[in-house]
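# Survey of secondary and tertiary structure
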Amino acid sequence: MCGIVGVISDNAALKAFNGLRALEYRGYDSWGLAYPESGGIFVVKKIGQIGKAGTDFSKSAGIAMGHTRWATHGKVTEENAHPHSSMDKSIAIVHNGIVENYAELKSELVSKGYSFKSETDSEVIANLIQEKLKTEKTFEGAVRKALLELEGSYAIVAMRKGEEKLVCARDGSPLVLGVAENACFAASDATAFISETKKAIFLEDGTMAVLNKQLKVFETKTGAQLKAVPKELSWDFEQAQKGDYEHFMLKEIYEQPRLLKSAANQPKDKMEKFVSMLRFAQKIYFTGCGTSYHACISGAYMFSSIAKTQVMPVLASEFSLQENFVDENALVVAVSQSGETADLIEAINIAKGKGAKIAGIVNVMDSTVMRLSDATLLMNAGPEICVLSTKSYTMQLALMLLLASYVSGKEEEAKRLLSGLSTGAAKILESNSEKIKEIAKGLSRAKDIFVIGRKNAFPTALETALKIKEVSYIHAEGFAGAELKHGTIALIEEGTPAIVLSTSQTRKQVASNAIEMRSRGAKIIMVDSIPHPDFDFSILVPDFGEANPIALVLPMQLLAYYIALERKLDPDKPRNLAKSVTVK
Ligand code: M6R
């Protein structure tokens, strides 16, 4: 969602601007920059995409900050875009999160004579800092006092007229600092500064930092200085580039064969800890949102079939349904690419409150979900820049497969399966690519697309439909094949496209569902390991047994991508969506 960048460096404004471009993938509808100029603070704010903006910023600024806004409080307007300035224009702030008590703070400030320009909750922070400067000697002291009055969540960066420093803080929203020679950075995620440095300090909640030529970290509550040791990031700048691919989505789809090859390379101690938590838990919940939730359902099928272990997949946003049953004997496996999804964090907190243990499966190192977890496995998918989850989904599935196999002592089989799938995945993509382009042409004109699957292909049907919806804006619905006759078949008419995900285990039943739809005029796209000349199209995917959910989703991701291209849409930035959903 919102993205923050703060830079202390030469040519800081341009570096902050480039940082914002790197954060574009998080999703935004307006953006802005601030840096010192002519004795004051120059602020520029724009609605829409950064791509169209010029870069004629001052080269002399040694500090700058920027923000991409995904509207929550107030419409998409320049006034509501960040940075927000204090009434006297001496302070500018960028904020990610929600100030829950902003109405009370605002009316208090109004009673003291402050006026406001925006509808946002964030603007109160700038005026509150101005107010605190009446009694505090230092800028950081005033920021700290202001932060102590905020309720809700925040990551902020603030600057003051005439001071060559940035003050940053986090509590509940991500903020990471970058340390380079003669430069420091603050950002919502490290992709904003990875081209400048790989040395990062992941701020803890309830801490703040002062950035000038040096960097100091403090506890916000007490003001006590804390030790901060930078970590070396494992992601590279090149990984966050498109390279020769037209879109990140395509690049990330094609990265999957390589990633599957190394999916089993997990640190032994981390794997053992995770597996022993799974073995000893009396109840196991898998929880996540969106695509990550689909991985949870798939994982539950794998645990049932491979490990003969019951797992309850639960939508993180509906976790309260389990509240009365979660206890200290339960294990909650929290699955998330970003590790910052607000609904998931709430589910984790509910479970922790009941004494349950948390095991995280995340892609982003040091993310909030990782910090809240008692054990974590990293997906090692590298930066996923496209808003749509593709490679993180298959890495989640690969980890689920490995975990279920470890629990039942069949890890060597799983490793062999994944290694074979790695080669198989490249062939699946390559051999079906032209046919998929052709199918995409027809589907791009559809009003609705239905996707069915049974057993372990059922979650893949849900994921296929989500991919199509997100990227092409065509209504798509995925469901279990047998559910067809319980309602959805009423929507099938002449020409309605239906994708049927078939495996050797489900072929007979799912084919009969396909025939039911074809009898009512549906055009059937059969995805299976054997050809189906009786139907309109066949996409061939070799049988990978327990790994079928991974194999089947690959051509479906590609199909969604090509439908979007047919419809002249940008697959990397679907409308209204954000990469990491940090609001509930
Ligand atoms: O970062 P997370 O995995 O926690 O994100 C969960 C969902 O927001 C995410 O999977 C979303 O559904 C994607 N747009 C799917 O492509």
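Residues numbered from 1 in each chain as written. Predicted model: local features only at pLDDT ≥ 70, side-chain atom pairs only at ≥ 80, totals over all residues. Heavy atoms only, no water.

The next point concerns the overall build of the chain. Helices and strands together make up the secondary structure of the chain, namely 15 helices and 25 strands. The 584 residues of the chain split such that 58% are buried. Counting only contacts in the chain whose residues sit at least 6 apart along the sequence, the fraction spanning at least 24 positions is 71%. Of the roughly 23,100 Å² that the chain leaves accessible, carbon and sulfur atoms contribute 50%. The positive charge centre, built from 69 side chains, and the negative charge centre, built from 69, are 1 Å apart in the chain. (Helix = DSSP H or I, 4+ residues; strand = E, 2+ residues; numbered from the N terminus. Buried < 20%, exposed > 50% of the residue type's maximum accessible area, 1.4 Å probe, protein only. Contact = heavy atoms within 4.5 Å. Areas by Shrake-Rupley, 256 points an atom, 1.4 Å probe, with all protein chains shown as cover. Lys, Arg positive; Asp, Glu negative; His and termini not counted. Charge placed at Lys NZ, Arg CZ, Asp CG, Glu CD.)

Moving residue by residue along a regular strand, the side chains alternate between the two faces of the sheet. In the sheet, strand β12 (residues 207-211) pairs with strand β13 (residues 215-219) via five bridges, with the strands oriented antiparallel. Of the residues in β13, the one forming a bridge with Met 208 is Phe 218. Here two bridges tie β13 to strand β14 (residues 225-226), and the two strands are oriented antiparallel to one another. Residue Val 217 lies in a different strand from β14, and its bridge partner there is Leu 226. Counting the residues in the hairpin turn of β13 and β14 gives five residues, including Gly 223, whose phi is positive at 80°. (Pairing = 2+ DSSP bridges.)

Let us look at the side chain of Asp 572. Relative to the elements of secondary structure, Asp 572 occurs in the segment after α15 (548-566). At 2.8 Å, the side chain of Asp 572 forms a polar contact with the backbone nitrogen of Met 249. The contact partners of Asp 572, leaving out residues within four places of it in the chain, are Lys 242, His 247, Phe 248, Met 249, Cys 386 and Val 387. (Polar contact = N/O pair within 3.5 Å; in protein donor to acceptor, adjacent residues only side chain to side chain.)

In the neighbourhood of the ligand, 15 residues make up the surrounding shell, with Ser 292, Ser 336, Ser 338, Thr 341 and Glu 470 lying closest. Thr 341 has a polar side-chain atom sitting 2.5 Å from an oxygen atom of the ligand. Within the backbone of Ser 389, an N or O atom sits 2.9 Å from an oxygen atom of the ligand. Against a free-state accessible area of 410 Å², the protein chains account for coverage of 92% of the ligand. Elements with a minimum of two residues in the shell around the ligand: α8 (290-306) and α13 (458-472). Along the lines of polarity and charge, the residues of the shell around the ligand split into five nonpolar, eight polar and two charged. (Near = heavy atom within 4 Å. Nonpolar A, V, L, I, M, F, W, Y, C, P; charged D, E, K, R; others polar.)

Bringing the pattern of salt bridges into the picture now. According to the stated counting rule, one finds 27 salt bridges in the structure shown. The residue Lys 112 makes a salt bridge to Glu 131 at a minimum N-O spacing of 3.7 Å. You can see Lys 112 sitting in the loop between α2 (102-111) and α3 (123-132) and its partner Glu 131 sitting in helix α3, a full 19 residues away along the chain. The closest approach of N and O atoms between Glu 131 and Lys 134, which form a salt bridge, is 2.8 Å. (Salt bridge = Lys/Arg side-chain N within 4 Å of Asp/Glu carboxyl O.)

All right, on to the packing of helix α7 (residues 268-280) against helix α11 (residues 391-407) then. Following both chains from N to C, one finds α7 and α11 inclined at 65°, their axes separated by 10 Å at the closest point. Comparing the axis directions of α7 and α11 gives the class roughly perpendicular. Considering only the axes of α7 and α11, their crossing is right-handed. Where α7 abuts α11, its residues Met 271, Phe 274, Val 275, Leu 278 and Arg 279 lie against Leu 402, Leu 403, Tyr 406 and Val 407. A class-by-class count of the residues in the contact of α7 with α11 yields eight nonpolar, no polar and one charged. (Axes fitted to C-alpha atoms, helices over the stretch in contact; angles between N-to-C directions. Parallel < 35°, antiparallel > 145°, perpendicular 65-115°, else oblique. Left-handed = near helix turned anticlockwise from the far one by under 90°.)

The subject of this paragraph is the sheet that holds strand β3 (residues 40-47). Sheet strands line up and pair through hydrogen bonds in the backbone, either parallel or antiparallel. Taken together, eight strands build an open sheet; the order of strands is β3-β2-β4-β1-β10-β9-β11-β15 and the sheet is antiparallel. Strands at the two margins of the open sheet, each flanked by one partner only, are β3 and β15 (231-232). Here six bridges tie strand β1 (residues 3-8) to strand β4 (residues 63-69), and the two strands are oriented antiparallel to one another. Within the sheet, the bridge partner assigned to Val 5 lies in β4 and is Gly 66. Docked against the sheet, helix α1 (residues 12-23) engages β1, β2 (30-37) and β4, running at close to 155° with respect to β1.

Here we take up α15. Between its first and last C-alpha, α15 extends 28 Å over 19 residues, near the 27 Å set by a 1.5 Å rise per residue. Counting buried positions along α15 gives 17 out of 19 residues, so the element sits mostly inside the fold. In the segment just after α15, Lys 568 is the residue with positive phi, at about 55°. (Expected span 1.5 Å × (residues − 1).)

Let us now look at the sheet that holds β14. If you trace the seven strands from one edge of the open sheet to the other, you get β5-β6-β7-β8-β12-β13-β14, paired in antiparallel fashion. Across the chains shown, the open sheet's two edge strands, defined by having one partner strand only, are β5 (84-85) and β14.

Mapping Lys 354 onto the fold places it in the loop between α9 (342-353) and β19 (357-362). Residue Lys 354 is classed as partly exposed on the basis of its relative accessible area, which comes to 34%. In sequence terms Lys 354 and Glu 323 are 31 residues apart; their C-alpha atoms lie 7.8 Å from each other. With sequence-adjacent residues up to four places away left out, Lys 354 is seen in contact with Glu 323, Val 326, Asp 327 and Glu 328.

Turning our attention to a negative patch on the surface. Where like charges cluster on the molecular surface, the negative patch consists of Glu 100, Glu 104, Glu 108 and Glu 151. One can find Glu 151 in the loop between α4 (139-148) and β7 (152-160). Taking the relative accessible area as the measure of exposure, Glu 151 reaches 49% and is therefore partly exposed. (Patch = residues over 30% accessible without salt bridge, like charges linked within 9 Å, V, L, I, M, F, W, Y side chains within 5 Å.)

Turning our attention to the side chain of Asn 101. Its location among the elements puts Asn 101 in the loop between β6 (91-99) and α2. Within the local environment of Asn 101, its side chain forms a polar contact with the backbone oxygen of Glu 149, the two atoms lying 2.9 Å apart. Excluding its chain neighbours within four sequence positions, the residues that come into contact with Asn 101 are Glu 149, Leu 150 and Glu 151.

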